[in-house]
Amino acid sequence: MKTSWYHDALSSSLETSKWEHLPVVIFDHPKVAAARVAAEIAELIRERAAQNRMAVLGLATGSTPIFVYQELARLHREEGLSFRNVTTFNLDEYYPLTADQPQSYHRFMQEHLFDHVNIDPSRIHIPDGSIARADVASYCDNYERQIAEAGGIDLQLLGIGRTGHIGFNEPGSARRSVTRLIHLDRVTRLDAIKDFSSEDRVPRAAITTGVRTILQARRIVLMAFGEHKADIVARAVEGEVSAEVPATYLQDHDNCLMILDPAAAAQLTRIRTPWLVGPLAEMGLAWSDAMLRRAVTWLAQKTGKAILKLTDEDYNSHSLQELLSLHGNAYEINLQGFRQLQNTITGWPGGKPTATATVPQPRPLRNSSASVYPKRILIFSPLPDDHVLSMGGTLIRLAEQKHEVHVACQVSGSDAVPDEVLQRYLDFHRQLGGAADGSEASSAKKLKAAIRRAETHSASRVCRVEAGRLHFLDLPFYERAAAGYRKISPEDVETTVQVLREIRPHQIYAAGDLADPHGTHRICLEILTQAIEKIRHEPWFAECEAWLYRGAWGEWPLHEVDLTVPLSPAEVARKRRAIFQHESQKSPFLGADNSEFGRRAEDSARATSRLFDRLGLADYEAMETFHRWELAR
Ligand code: F6R
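Throughout, residues of each chain are indexed from 1 in the direction in which the sequence is written. In view of the model being predicted, local features appear only for residues whose pLDDT reaches at least 70, and side-chain atom pairs are presented and counted only at 80 or more, with totals across whole chains, interfaces and linings using the full set of residues. As a rule here, side-chain values come from all non-hydrogen atoms in the structure, and water together with hydrogens is ignored.

A. Structural detail: the pattern of salt bridges. We define a salt bridge as a side-chain nitrogen of Lys or Arg found within 4 Å of a carboxyl oxygen belonging to Asp or Glu. Under the defined criterion, the tally for this structure stands at 34 salt bridges. Between Arg-235 and Glu-244 there is a salt bridge; the shortest N-O distance is 3.7 Å. Relative accessibility under 20% of the residue-type maximum defines a buried residue, over 50% an exposed one, and the middle range a partly exposed one, all with a 1.4 Å probe and only protein chains included. A relative accessible area of 56% means that Glu-244 is categorised as exposed. For Glu-545, the salt bridge is made with Arg-628, and the minimal N-O distance between the two is 3.6 Å. Residue Glu-545 is found in strand 15 (residues 545-549), and its partner Arg-628 is found in strand 17 (residues 622-628); the two are separated by 83 residues along the sequence. Assessed through its relative accessible area of 25%, Arg-628 is described here as partly exposed. Among the ionic contacts, a cluster of salt bridges with common partners joins Glu-71, Arg-74, Arg-77, Glu-78 and Glu-79. We count a stretch as a helix when DSSP gives it H or I for four or more residues in a row; a strand needs E for two or more, and each element gets its number in order from the N terminus.

The following block contains the structure:
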């Protein structure tokens, strides 16, 4: 392939070659990236058609390639791209699983691509997850043979799992591995809960083409989008080749390209600590305030020193000479970094009621609505417990400080209630003479949603949020999830618009916890973004500011913190009580590390506070941090 952007990637990788062992291109948005990949595939198909030859594609499933398939379908529909000369081989399929199951990769491929293009069904190959165990080995040999007979794969599309798997080649897979049955890693199975609705239902195995099968493709394009992929992408690109991260094998392929969005690229050295790669100007970057804070907080953590104790020597010996020469001495830089961080801290997240022209509002809150008191506050919580987990202390403060606090639970969260919890409630109900048995899936789902509502009411009482200010949006994308993949509908956006219009908040808080591997947070934020797009010209919105919280899956890195709310020991204790009301979530249900969410959230707020303390700022019991969500007006 001689596409020009591939060459851009190669040349831009030169300065980073010490760090990056694979060519990488970063696109602003997954859709733009997908359009480029689809264009390359279309070019290959047309080139082959002109030569009267087949194009052999290796295809992946999962959330990553969906936009590519949508674009290929559009190219077929609108630009006459024909799939008559296309043969496909999919990477993998769960085992055991029949093709007609909603979660099967057969269904996925039909729904996302094959139903929309003119491919000859006899040229489609997807491993069969329903064959008898005894026949698997010969079936896999035959799959390899079929690939060879087709002339090998021209272009292999890949995603990457959080374990570093490509296809389902989990950690430990050998470079010489071929198509075979593989046991799925626990992390992979946990990530698949979003499609199977509970861990027990996720198959334990899969049939996958091997590492060798993949490496034999003449061209490989791996795509990764989203923050939850950032760590594994950095290991795949910058780490040593090893079976521990099977994607590192791609470093040995001479025609492989990795395509990322900015979130997935965030942990690459050139993004995280660009000064280690070379002078910033040479990379088209500047020493902005944010970059300075990034460097100072990184250096303080690296050296284990408080910010104000960093010396010229520290800057010099950690590749920060450029910053040093720009400011003259370490102390100047230290002060700037220190003040930036200190100015994020306030115990008045809604602003002070007593602020006047001479007694200003806390710094993070100096916006147009700063003087409004009390404020209408609208907290969006993807699942019903997310907001107490991640910003429970701030919620308690806002309510104590007499703001009008509303909470909008975006999805019902019914899928995350284990069956045994439902059974317990039904037993209780029966003791009182009730008849509901919850044996039907639809009624079980409703009852589970009711359990989560009751828990949310209970937690809100602890936080002193009035019952009338709880809004259960039950967004349809989540309710329909069992019937296929999660898609945003106009109804999701409209429901969100309605709650915004009804409350007309001065402050919005939303989950920016995009590392959530189940995707619920990402979809909820996308829906909110689309809803805001619809109301942003309404006059009341000019006064509205928005904050993004995190906590259950990760914390804001210090250079992205814009608001820090300190918590007293009493507030931490009350937050814990509020979290405990979400009893159905107290199983190790979704956490890859088996620790309870509540414990994890509390540890994380404490760790933030320890970090501020170590950097030489104040020592509080815990802290919750927020990133300013810059909204287009
Ligand atoms: C799917 C496959 C997997 C996925 C990977 C990423 O056929 O082989 O390797 O590409 O698990 O999944 P998503 O795209 O859902 O994040």
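B. Examining the site of the ligand more closely. A molecule or strand has a residue near it when one of that residue's heavy atoms lies within 4 Å. Neighbouring the ligand are 13 residues; Thr-64, Asp-92, His-165, Gly-167 and Lys-229 lie closest to it. The side chain of Thr-64 places a nitrogen or oxygen atom 2.4 Å from an oxygen atom of the ligand. Under this definition, polar contacts are N or O atom pairs within 3.5 Å; protein pairs additionally need one hydrogen-donor-capable and one acceptor-capable atom, and for neighbouring residues in sequence, both atoms have to be side-chain atoms. For the ligand, an oxygen atom lies 2.6 Å from a polar atom in the side chain of Lys-229. Only Asp, Glu, Lys and Arg are considered charged in this grouping, and only Ala, Val, Leu, Ile, Met, Phe, Trp, Tyr, Cys and Pro are considered nonpolar; every other residue, Gly among them, is considered polar. Of the residues assigned to the shell around the ligand, the class counts are three nonpolar, eight polar and two charged.

C. Representation of the environment of Asn-142. On the secondary structure map, Asn-142 appears in helix 5 (residues 136-149). In the structure, Asn-142 is positioned 37 residues away from Thr-179 in sequence and 9.1 Å away in space, judged by C-alpha atoms.

D. Structural detail: the packing of helix 20 (residues 490-503) against helix 21 (residues 520-535). The interhelical angle for the contact between helix 20 and helix 21, taken along N-to-C directions, is 60°, at an axis separation of 8 Å. With respect to each other, helix 20 and helix 21 are oriented oblique. The two elements helix 20 and helix 21 meet at a crossing, and its hand is right-handed. For the pair helix 20 and helix 21, the contacting residues are Asp-492, Val-493, Thr-496, Val-497, Leu-500 and Arg-501 in the first and Ile-527, Leu-528, Gln-530, Ala-531, Ile-532, Lys-534 and Ile-535 in the second. For the contact of helix 20 with helix 21, the class distribution of residues is eight nonpolar, two polar and three charged. Where helices are involved, their axes are fitted lines through C-alpha atoms of the stretch in contact, as for all axes, and angles between N-to-C directions lie from 0 to 180°. Angles are sorted into four bins: roughly parallel if under 35 degrees, roughly antiparallel if over 145, roughly perpendicular if 65 to 115, and oblique for all others. By definition, turning the near helix anticlockwise from the far helix through less than a right angle yields a left-handed crossing, and turning it clockwise yields a right-handed one. Only heavy atoms matter for contacts: two residues are in contact if any of them lie within 4.5 Å across the pair.

E. Quick look at the environment of Thr-529. On the secondary structure map, Thr-529 appears in helix 21. Sequence separation between Thr-529 and Ala-601 is 72 residues; the distance between their C-alpha atoms is 25 Å.

F. Focus on the packing of aromatic side chains. Stacked, edge-to-face and tilted are the three classes for Phe, Tyr and Trp ring pairs, Trp counted by its six-membered ring, which pair at centre distances within 6.5 Å; planes under 30 degrees apart are stacked, over 60 edge-to-face, the rest tilted. Inspection of every chain in the model, using the stated rule, returns eleven aromatic pairs. Where Tyr-139 meets Tyr-143, the ring centres are 6.4 Å apart and the plane angle is 25°; that geometry is what we call stacked. Residue Tyr-139 and its partner Tyr-143 are both found in helix 5; the two are separated by four residues, about one turn of the helix. Take Tyr-143: its relative accessible area is 2%, and that puts it in the buried class. These aromatic residues form a ring-pair network of at least three members: Tyr-94, Tyr-105, Phe-168 and Phe-196.

G. Layout of the domain arrangement of the protein chain. Reported domain spans reflect what an automatic or database domain assignment gives. As assigned here, the protein chain comprises domain 1 (4-270), domain 2 (286-342) and domain 3 (376-629). A straight line from the C-alpha centre of domain 1 to that of domain 2 covers 42 Å.

H. Inspection of the sheet that holds strand 17 at higher detail. When DSSP finds at least two bridges between two strands, those strands are taken to pair. Strands sit in the order 13-12-11-14-15-17-16 across an open sheet of seven strands; the sheet is mixed. At either end of the open sheet lies a strand with only one pairing partner, and these are strand 13 (470-472) and strand 16 (563-567). When strand polarity is set aside, the average angle formed by the axes of neighbouring strands in this sheet is 25°. Relative to strand 14 (residues 507-511), strand 11 (residues 376-381) runs parallel, the two sharing three bridges.

I. Molecular detail of the nonpolar core. The set of buried Ala, Val, Leu, Ile, Met, Phe, Trp, Tyr and Cys residues whose side-chain atoms join them within 4.5 Å is what this entry labels a nonpolar core. Residues Ile-41, Val-68, Tyr-69, Leu-72 and Leu-157 are the most contacted members of the largest nonpolar core, which totals 36 residues. At the level of elements, helix 2 (30-50), strand 2 (55-59), helix 3 (66-79), helix 4 (105-112), strand 6 (155-158), strand 9 (219-224) and strand 10 (256-260) are the ones that each hand at least two residues to this core. The element that contributes the greatest number of residues to this core is helix 2, accounting for eight residues. Those residues in contact with Leu-72 that lie beyond four places of it in its chain are Ala-38, Ile-41, Leu-81, Phe-83, Leu-113 and Val-117.

J. Quick look at the side chain of His-406. Tracing the sequence through the fold places His-406 in strand 12 (residues 404-409). At a separation of 2.7 Å, a polar atom in the side chain of His-406 contacts the side chain of Glu-404. Those residues in contact with His-406 that sit more than four places away from it in its chain are Ile-377, Leu-378, Ile-379, Arg-469, His-471 and Ile-503.

K. Up close: unusual backbone geometry. Of note, the bond from Tyr-95 into Pro-96 is cis; its omega dihedral lies within 30 degrees of zero at -5°. Structurally, Pro-96 can be placed in the loop between strand 4 (92-95) and helix 4. Cis rather than trans, the peptide bond between Tyr-373 and Pro-374 has omega equal to -10°. For Pro-374, the position within the fold is in the loop between helix 15 (330-342) and strand 11. Even without a glycine there, the phi angle at Asn-52 is positive, about 60°. Position of Asn-52 relative to the elements: it lies in the loop between helix 2 and strand 2. When its relative accessible area of 74% is taken as the criterion, Asn-52 is described as exposed.

L. Highlighting the sheet that holds strand 2. One open sheet accounts for seven strands, arranged 1-10-9-6-2-3-5; its pairing is parallel. Of all the strands in the sheet, just strand 1 (24-26) and strand 5 (124-125) have a single pairing partner and so form its edges. As paired strands, strand 6 and strand 9 are joined by four bridges and run parallel to one another. Across the sheet, residue Leu-155 finds its bridge partner in strand 9, namely Arg-219. Helix 9 (residues 230-238) rests against strand 1, strand 9 and strand 10 of the sheet, and its axis sits at about 155° to strand 10.

M. Region of interest: helix 17 (residues 419-431). One fewer than the residue count of a helix, multiplied by 1.5 Å, yields its expected span. Here helix 17 contains 13 residues, and its C-alpha end-to-end distance of 18 Å stays within 8% of the 18 Å for a straight helix at 1.5 Å per residue. Listing the buried residues of helix 17 in full gives Val-421, Leu-422 and Leu-426. What you see down the axis of helix 17 is that its buried residues fit within an arc of 135°, all on one side. Opposite its buried face, helix 17 presents the exposed residues Glu-420, Phe-428 and Gln-431, each directed more than 90 degrees away. Think of the arc as the fan of directions from the helix axis to the C-beta atoms.

N. Focus on the pairing of strand 6. With burial as the criterion, each face of strand 6 is covered, one bearing Leu-155 and Leu-157 and the other bearing Gln-156 and Leu-158. Sheet topology note: the strand 2/strand 6 ladder contains two bridges and is parallel. Among the inter-strand pairings, Leu-57 is bridged to a residue of strand 6, identified as Leu-155.

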